[in-house]
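Take a look at the letters that make up each chain.
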Amino acid sequence: MGVVILLVMAAGVALMLTRRLPTAFALALLAVAIAFLAGAPFTGKNSVLDTVLQEGAPALAATMIAIILGSWLGKLLDETGIAGTLVRKIVEFGGDRPTVVALGVLAVSALVGTVTGSAPAAMLAGIIGIPAMIAVGVPKVTAAGTVLMGIAVGIPFELPLWQFFSTALELPIPTVRGFMVKLFPFALAAALAFVLVETRRRGTEHAWSLKSVDSSGAKPRSRREELGDAPWYALLAPAVPLVLALGFELAIIPSLLAGVLYALVTTTRPGGMNKRLLRTLYGGFEVAAPPLVLFISIGILLAAVKLPGAVDALEPLVKAVSPHNPVVFVLVFTLLVPLCLYRGPLNVFGLGAGIAGVLIATGIYPAVAVLGMATSYNQVFGVADPTSTQTVWSAQYAGVSPQQVMVRTLPYVWAVALGGLCVTAATYL
C-alpha cells in the first residue's frame, strides 16, 4: 500500500506541475486519497471526515493569523509611505552608483521580507527599487534578483514563517528561531555575493524602459506618492516585530500587532486611525487569502500523512531511501534541491509539507532535522522558483522572464541550501 500512496503523491505533483489543479485543491484531494488508501474510516477516530478534514483544516490556525497580521502590516507600510520612503532614501544616498543602490535596495528588501513574504514583499521594495536600479545601470535580471535575494535574507526572520514551522513540525518557537538564526548568515552572504558579483560582472545597462520610472514631476500615481515621505521614526516599523520577537522573545502574534500599532500611530492622525485600520485590514485579507487557502490544505495533508495506516505503509519505504550518514545526507539532499522548484515534491508549501510530516511521523529523522531541510529548501523556492508569485512579479516588473531570474539566482541560493543542510547534519544527525 505504501507504493500506491507514493504513486498517488506523484500524481498529485503532476497535477500541480501541469496546473490541472491549483496547489491548494490538489493537496486537499491528495490528503483525502491518502486517508482512504491508509484504511481510514469515514467518520470517528483517525477518520477522513473528523480527523483529516475537521481537525486538519484549522491545524495551522496560528500560522494563518500570523499571515493576516503580517499582510496587514505590509499594507500599512505601503499606504503610509514607510516602504516607499525607505527605498527612496536609499536611492538618494546611492546616487548614480549602481552597486550602492543595489545594496540599499537589498537591505530594504530584507527588512520588508521579515514582515511579509511572497509578492507583497517584492512589491513593497521593488515598485520603486527595481526602476531605480535599472535607471542607474543595473541589468534588469540583476535588479529583479536583488529584490528576491533581499527578501531571502529576511525570510529567516519572517515571523509568520516561524509560526508555520513551529505548528507544522510540532516544534517550540525557540527551536525554530535558533535554526533560523543559524541559516541567516548563509542567506546574507549569498545575497551580498549576488549583488557584488552580478553588478560588476554584467556591467551597466542604462535603460529607462519602465513606465514607473518618472522624474519629470508628473502627477503622483499612488496614495504613497501623494503622502510623500513618512516620518523618520516611522521607518522603524518593520523592525518592531522582529526586535520584540527576537530580542525580547515576545510571542509572534503580539509582536506583529505591536508593529501594526506602531506603524499606525507614527503615521496617522487620531481622527483617521479608525478608517485606516479597517481599510488596511481588509486589504491585508485580500493579500493573505491565497496563502490562507494553501495553509488550510497543508494542514489537511499533514493530518492525512500522520494517520496510523499511512505511517505503517510508508515507514519501510521511506527508511529504505533515507540516508543517515551526515556526509551522504548533505550530498543527497543538496543534489535534490531542484525538486523544490516548479512546485516540486520538496516544496514545503506543497507536497514537501506532507513529506516532512512523513519523515517525522515515521521517526526517520528528528523533527529539528526536518526543520533544517525544509527551511534550507525554502530559501531556494523563495528566490528561484519561476512559479512563485514574488519571482514572477519581480521578473515581469523588470521586463525579463522568471526563467532568466532562476538561472541567475539559483547558484547562489543553492549554496544557501548547502550551508543549511551542513548545519543540519552537523548539529542534529
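Note: the structure precedes this text.
Being a predicted model, the structure only gives us computed values, none of them experimental. Each chain carries its own residue numbering, running from 1 in the written order of its sequence. Residue-level local features of this predicted model are given only where pLDDT is at least 70; pairs of side-chain atoms are given and counted only at 80 or more, and the full residue set underlies all totals for whole chains, interfaces and linings. To obtain the side-chain values, all non-hydrogen atoms of the structure were included, while hydrogens and water were left out.

Enquirer: How do you make sense of the layout of surface pockets when you look at a structure like this?
Expert: The method is simple in principle: a probe with the dimensions of a water molecule rolls over the atoms, and the space it marks as empty is what remains. Computed over the protein atoms alone on a 1 Å grid, cavities are sets of points where a 1.4 Å probe fits but cannot get out and pockets are open sets with protein on both sides within 12 Å along at least five of seven lines; a residue lines them when it has an atom within 4 Å of a point. Grid points are joined across faces, edges and corners, and a volume is the space filled by probe spheres set on the points. The calculated volume of the largest pocket comes to roughly 1,000 Å³. Put simply, DSSP marks the helices as runs of H or I at least four residues long and the strands as runs of E at least two long, and each gets a number from the N terminus on. Broken down by secondary-structure element, the contributors of at least two residues to the lining of the largest pocket are α1 (2–17), α2 (23–37), α4 (61–79), α7 (118–135), α9 (159–168), α14 (273–305), α18 (367–384) and α19 (389–398). Counting residues per element, the lining of the largest pocket draws most heavily on α14, at eight residues. When the residues that make up the lining of the largest pocket are grouped by side-chain class, the tally is 26 nonpolar, 13 polar and four charged. Each residue is assigned to one class: nonpolar for Ala, Val, Leu, Ile, Met, Phe, Trp, Tyr, Cys and Pro, charged for Asp, Glu, Lys and Arg, and polar for all the others, Gly among them.

Enquirer: I would appreciate a short explanation of the packing of aromatic side chains in the present structure.
Expert: Aromatic ring pairs: the centre-centre distance and the angle between the two ring planes describe each pair. To pair, rings of Phe, Tyr and Trp, with the six-membered ring standing in for Trp, must have centres within 6.5 Å; the planes then decide the type, stacked if under 30 degrees apart, edge-to-face if over 60, and tilted in the middle. Under the criterion given, the structure shown has 14 aromatic pairs. Ring plane angle 20° and centroid distance 6.3 Å describe the contact between Phe-36 and Phe-42, whose orientation is recorded as stacked. Any residue under 20% of the maximum accessible area for its type is buried, any over 50% is exposed, and the rest in between are partly exposed; the area is computed with a 1.4 Å probe on protein chains only. Judged by its relative accessible area of 46%, Phe-36 falls in the partly exposed class. Pairing Phe-295 with Phe-349 gives two aromatic rings, centres 5.8 Å apart and planes at 85°, and the pair type is edge-to-face. Of the two residues, Phe-295 sits in helix α14 while Phe-349 sits in the loop between α16 (326–335) and α17 (351–361), which places them 54 residues apart along the sequence. As far as burial versus exposure is concerned, Phe-295 and Phe-349 are alike and both buried. An aromatic cluster is built from Phe-164, Phe-165, Phe-295, Phe-349 and Phe-381, whose rings are joined through pairwise contacts. Cation over ring: Arg-97 sits above Phe-93, and NZ or CZ is 5.8 Å from the ring centre. Here, a charge over a ring means that NZ of Lys or CZ of Arg falls within 6 Å of the ring centre while also lying within 35 degrees of the ring normal.

Enquirer: Just to check I follow, could you spell out the pattern of salt bridges for this structure?
Expert: Side chains that carry opposite charge are capable of pairing whenever their charged atoms lie near each other. Just to be clear on terms, a salt bridge is a Lys or Arg side-chain nitrogen sitting within 4 Å of an Asp or Glu carboxyl oxygen. Within this structure, the stated rule accounts for six salt bridges. One network of salt bridges, with partners in common, ties together Glu-79, Arg-276 and Arg-279.

Enquirer: What is the right way to read the side chain of Thr-199 from this model?
Expert: Inspection of the secondary structure assignment puts Thr-199 in helix α10 (residues 173–201). For this analysis, a polar contact is any N or O atom pair within 3.5 Å, provided that within protein one partner can donate a hydrogen and the other can accept it, and provided that sequence-adjacent residues contribute only side-chain to side-chain pairs. Within the structure, the side chain of Thr-199 is placed 3.3 Å from the side chain of Thr-99, a separation counted as a polar contact. A distance of 2.5 Å separates a polar side-chain atom of Thr-199 from the backbone oxygen of Val-195. Beyond its immediate chain neighbours, meaning those up to four positions away, Thr-199 contacts Thr-99, Ala-102, Val-138, Thr-142 and Phe-194. When checking whether two residues touch, look at their non-hydrogen atoms; a contact exists if any pair is within 4.5 Å.

Enquirer: Looking at this structure, how should I read empty space enclosed by the protein?
Expert: Counted by the stated rule, this structure contains three cavities of 30 Å³ or more. Here the largest cavity is characterised by a volume of approximately 50 Å³. Contributing elements (two or more residues each) for the lining of the largest cavity: α9 and α17. Ranked by residues supplied to the lining of the largest cavity, first place goes to α9 with three residues. Looking at the lining of the largest cavity residue by residue, the class counts come to nine nonpolar, no polar and no charged.

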